[in-house]
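Structure assessment
Here are the chains, one letter per residue:
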Amino acid sequence: MAGLNLVNIRKEYDKGVVSVQDFNLEIRDKEFLVLVGPSGCGKSTTLRMIAGLEDITDGDLYIGEKRVNDVSPKDRDIAMVFQNYALYPHMNVYDNMAFSLKLRKMKKDEIKKRVDNAARILNLEEYLYRKPKALSGGQRQRVALGRAIVRDAEVFLMDEPLSNLDAKLRVQMRAEIQKLHQRLQTTTVYVTHDQTEAMTMATRLVVMKAGFIQQVGTPKEVYDLPDNMFVASFIGSPAMNFFFGKLEGNYFVMGDQKILVPQGRVQTLRDQGFEGKEVVLGVRPEDIHDEPVFLDVSPETKFRAKIEVAELMGAEIILYSQVAGQDFVARVDSRFNVETGQSLDLAFDMSKAHFFDKSTELRIK
Amino acid sequence: MIEQLRKIYPSLLVHTNENGNLDTSYKWYKTAANAIIGIQKAELADKDQALLAAFLVPYDIKFPPMTEDEQRWKKAIDQAEGPADSAFPVLTPYRFIYFSMNKNQITPVFFHEALQELFEKPVPILWENESEGIIIEEGSLSEDYPSYEQMIDILMSDLYVKITFFVGPYQKGFDSIRAYYHSVIRDAKKVFAYSDKTVITYIDAVPYLLIDQADPALRQALGKNVLQEFIDDEDTLKMLETFVQSNLNISETAKELHLHRNSLQYRLDRFFEKTGIDVRQFHQAMPVYLAMLAKK
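What counts and what doesn't
- Residues numbered from 1 in each chain as written.
- Chains lettered and ligands numbered in written order.
- Predicted model: local features only at pLDDT ≥ 70, side-chain atom pairs only at ≥ 80, totals over all residues.
- Heavy atoms only, no water.
- Pairing = 2+ DSSP bridges.
- Helix = DSSP H or I, 4+ residues; strand = E, 2+ residues; numbered from the N terminus.
- Axes fitted to C-alpha atoms, helices over the stretch in contact; angles between N-to-C directions.
- Patch = residues over 30% accessible without salt bridge, like charges linked within 9 Å, V, L, I, M, F, W, Y side chains within 5 Å.
- Areas by Shrake-Rupley, 256 points an atom, 1.4 Å probe, with all protein chains shown as cover.
- Salt bridge = Lys/Arg side-chain N within 4 Å of Asp/Glu carboxyl O.
- Buried < 20%, exposed > 50% of the residue type's maximum accessible area, 1.4 Å probe, protein only.
- Contact = heavy atoms within 4.5 Å.
- Buried area = accessible area lost by both parts, 1.4 Å probe.
- Polar contact = N/O pair within 3.5 Å; in protein donor to acceptor, adjacent residues only side chain to side chain.
- Nonpolar A, V, L, I, M, F, W, Y, C, P; charged D, E, K, R; others polar.
- Domains from an automatic or database assignment.
- Core = buried A, V, L, I, M, F, W, Y, C linked by side-chain atoms within 4.5 Å.
- Phe/Tyr/Trp six-rings, centres within 6.5 Å; stacked < 30°, edge-to-face > 60°.
- Lys NZ or Arg CZ within 6 Å of the ring centre and 35° of its normal.

Comments concerning the sheet that holds strand E14 (residues 278-283) of chain A
Residues and elements named next belong to chain A. Read across the sheet, five strands follow the order E13-E12-E11-E14-E21 without closing on themselves; strand pairing throughout is antiparallel. Two strands bound the open sheet, and with one partner strand each, they are strand E13 (257-260) and strand E21 (354-357). Adjacent strand axes in the sheet meet at a mean angle of 40°, parallel and antiparallel pairs treated alike. Bridging between strand E12 (residues 251-254) and E13 involves four bridges; their strand directions are antiparallel. From the neighbouring strand, Val253 faces E13, where its bridge partner is Lys258.

Quick word on a nonpolar patch on the surface
Residue and element names in this part refer to chain B. There is a patch of nonpolar side chains on the surface, built from Tyr202, Ile203, Val206 and Leu210 and spanning about 380 Å² of accessible area. Here Val206 shows up in helix H7 (residues 202-213). Take Val206: its relative accessible area is 31%, and that puts it in the partly exposed class.

Notes on the sheet that holds strand E5 (residues 66-67) of chain A
Residues and elements named next belong to chain A. Pairing in this open sheet of four strands is antiparallel, and the strands run E2-E1-E4-E5 from one edge to the other. The sheet is open, and its two borders are formed by strand E2 (18-27) and E5, each paired with just one other strand. Note: strand E1 (residues 4-12) against strand E4 (residues 58-63), five bridges, orientation antiparallel. Bridging across to E4, Asn5 finds its partner in Tyr62.

Observations concerning the interface of chain B and chain A
Listed as interface residues are 29 residues of chain B and, on the opposing side, 32 residues of chain A. Across the interface of chain B and chain A, roughly 2,900 Å² is buried in total on both sides, 55% from carbon and sulfur atoms. Summed over the three residues of chain B that lose the most area to chain A, namely Asp158, Tyr160 and His258 of chain B, the buried surface amounts to 26% of that side. Between the two partners, chain B and chain A, sit three salt bridges. Between Glu54 of chain A and Lys162 of chain B there is a salt bridge whose closest N-O contact spans 2.9 Å. Our count for the contact surface shared by chain B and chain A stands at 12 residue pairs in polar contact (both at pLDDT 80 or more). At the level of elements, helix H4 (108-116) and helix H5 (148-159) of chain B are the ones that each hand at least two residues to the side of chain B that touches chain A. Broken down by element, the side of chain B that touches chain A gets its largest block of residues, nine residues, from H5 of chain B. Among the residues forming the side of chain B that touches chain A, the class breakdown is 13 nonpolar, six polar and 10 charged.

Quick word on the domain arrangement of chain B
Partitioning chain B into structural domains gives domain 1 (2-58), domain 2 (68-210) and domain 3 (214-295). Averaged C-alpha coordinates put domain 1 of chain B and domain 2 of chain B at centres separated by 31 Å.

Some remarks on the nonpolar core
Counting 61 residues, the largest nonpolar core has Phe111, Leu115 and Phe165 of chain B as the members making the most contacts within it. When residues no more than four places from it in sequence are discounted, the contact partners of Leu115 of chain B are Ile125, Ile135, Met151, Leu155 and Phe165 of chain B. Core analysis: the next-biggest nonpolar cluster, separate from the first, contains 49 residues, Ala153, Met158, Leu165 and Ala198 of chain A among them.

Points about the pattern of salt bridges
Under the counting rule described, the total for this entry stands at 34 salt bridges over all chains. Among the ionic pairs, Lys74 of chain A bridges to Asp75 of chain A, the shortest N-O distance being 3.7 Å. Assessed through its relative accessible area of 48%, Asp75 of chain A is described here as partly exposed. Two residues, Asp212 of chain B and Lys190 of chain B, come together in a salt bridge whose shortest N-O distance is 3.8 Å. With Asp212 of chain B in helix H7 and Lys190 of chain B in helix H6 (residues 177-194), the pair connects residues that are 22 residues apart, well separated along the chain. Taking relative accessible area as the criterion, Asp212 of chain B reaches 26% and is therefore assigned partly exposed.

Digging into the pairing of strand E7 (residues 132-138) of chain B
Residue and element names in this part refer to chain B. Of all the seven residues making up E7, six are buried; the element is thus mostly covered by neighbouring parts of the structure. Pairing of strand E5 (residues 94-101) with E7 involves seven bridges; the strand directions are antiparallel. Within the sheet, the bridge partner assigned to Tyr98 lies in E7 and is Ile134. Pairing of strand E6 (residues 125-129) with E7, which is carried by four bridges, proceeds in the antiparallel orientation. Note that in E7 the partner of Trp127 across the bridge is Gly133. The loop that links E6 with its antiparallel partner E7 comprises two residues.

Some points on the side chain of Asn96 of chain A
All names here are of chain A. Position of Asn96 relative to the elements: it lies in helix H2 (residues 93-103). Accessibility expressed as a relative area gives 1% for Asn96, which makes it buried. If sequence neighbours within four positions are ignored, Asn96 has contacts with Leu87, Tyr88, Met91, Pro132, Val143 and Arg147.

A few points about the environment of Val222 of chain A
Residues and elements named next belong to chain A. With respect to the helices and strands, Val222 occurs in helix H7 (residues 219-224). Between the C-alpha atoms of Val222 and Val34, which are 188 residues apart in sequence, the distance is 12 Å. In contact with Val222, not counting residues within four places along its chain, are Leu205, Val207, Gln215, Val216, Gly217, Val231 and Ile235.

Here we look at the domain arrangement of chain A
Residues and elements named next belong to chain A. Taken domain by domain, chain A comprises domain 1 (4-234) and domain 2 (241-357). Here the C-alpha centroids of domain 1 and domain 2 sit 39 Å apart. The interface is formed by eight residues belonging to domain 1 together with seven residues belonging to domain 2. Surface buried jointly by domain 1 and domain 2 totals about 700 Å² across both partners, of which 64% is contributed by carbon and sulfur atoms. Remark: the boundary between domain 1 and domain 2 carries zero salt bridges. Counting across the domain 1 and domain 2 interface gives four residue pairs in polar contact (both at pLDDT 80 or more). Looking at the side of domain 1 that touches domain 2, the elements with two or more residues in it are H7 and helix H8 (229-234). No other element matches the three residues that H8 contributes to the side of domain 1 that touches domain 2. Here the residues of the side of domain 1 that touches domain 2 sort into five nonpolar, two polar and one charged.

With respect to the packing of aromatic side chains
Counted by the stated rule, this structure contains 25 aromatic pairs over all chains. Arranged with centres 6.2 Å apart and planes meeting at 55°, the rings of Phe243 of chain A and Phe328 of chain A form a pair that is tilted. Note that Phe243 of chain A is positioned in strand E11 (residues 241-248) and Phe328 of chain A in strand E19 (residues 326-333), a separation of 85 residues in sequence. Summarising the burial analysis for this pair, Phe243 of chain A and Phe328 of chain A share the class buried. Ring geometry for Tyr94 of chain B against Phe96 of chain B: centres 5.6 Å apart, planes inclined by 40°, an arrangement best described as tilted. Taken individually, Tyr94 of chain B and Phe96 of chain B each receive the classification buried, so the pair is uniform in this respect. The aromatic ring of Tyr13 of chain A is capped on one face by Lys11 of chain A, whose charged end is 4.9 Å from the ring centroid.

Next up, the structure:
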């Protein structure tokens, strides 16, 4: 197994289009690292530079101790899984998994050993002699994973491997890939645009936007302490709510609504010169409460809102409403019935709220 | 002659399509009768190799030997004028698919072997050089077989190589096959300069090809007159390009760009206010798209 080190990596295409810049990251041995971000943020380009499918314009890439910028992809000891889990249609599962090894003239008994091992890991033993046509979508995706496992590579690179699966299967395969990683302990770099996938699978995640790293951290770190408004809105579903207002005394004021800010936060904002200035308050949907007990103890973060839409999701209800003319989404417990059109009291849990600088969009720490 | 040589070199093999790839532990030659023969390298001293090269043509095993079908297609394309041999048995429409791979990363032999496994029946492949060529597809692809996008992913994971495909338009008959062959290669090279997609069909390529024909003055004027003050606003141009590529669908574009629908509406309204162009209308979106291509 091996870690990876990306030092000052930059990718510039012809005609000066820069896709990735100033990318510095150490990926630890056995880590499951997820690159996440919207379309065009440079996450797939980064993965393909690691794979050797794209040239690196500037910077150094190390796999283990070895600088591999000029090493051919086939010699980098990596295995790749892509979005399309299509297989060779004429070949059965065994041959699909064995094909890349046959191309490399590996001995038959070694190929058999590796394919049998991958089939056992992926519970594909009883399907080895079936053609792809006779497999379900999930089984085909497992074969695609098997095609990577047989390489016995130092590093797995996965580019949106679940995005062509339906929602139910995606959840199932998410767990399968995690189990696989726990079992094989192979360093894995996984690319996705789906923040749920990133949050649930990553040892650490890297949030990217427009070619730059926005934040690196464990899912919990990134969720609880987002470095900027982009990360705060990208990670979490429904996204964090942003309220634009001013800090006046101990209150965050938006229109005629005043919200009490905890003393420690007020001090931090004051120390950094935000007193009387416009700031952005970030509150996650689950930190907006309607439970009577919470409302009783939070009289100064409470406000009244008319619910425009209430979506019952089962254990919770997603509420869409406005306060001081600004849209927000709340996620509340479905034990307390809320219906569309109803007016009710809600309160922010300000101990979990964040403040952002309106001009730089950075979190005020 | 082959039998005489076999007496001297017992390892001599005659290559047929049935015995698959050419073994790299053999030295391969082409005879005057176009047979491909191989002799184990261990059996050949330098002197033997020099002697054999005097009356046989050393066969480059980077390229797979041409099948009969490939030879027929090549002959048809190489004919300067007029229709191909009337014995050429193609009844269905056909199309040429240009492919390109990173240089020096895999041999054509590997690519050929892997690619053939993705089609219903063997497909003729004509190589331009070690990293480019044309696949000849007769009839249409069956739904049970991978799309060209899927083929790229399969081949990338097996061969570790970046591949692009340009899918030419369907043709019937052979009257202009030579011109068609060269136009597919020429068009492919043009369109991949404009787009970073890995699979581009001829229909997708039409706007690129049109813009490529425009003279520099017209291209400059298009950018200036259509995009106006947004000509260097990369964020707006990215938004407009995504909007066109998402079939002018607000929700899809917003999702793709990770923007709120309202923010996108606002930005489209702003573009309309400043330029007078409502890109929600197809006939107004098209010139904007062409102007963006002209700028590339």
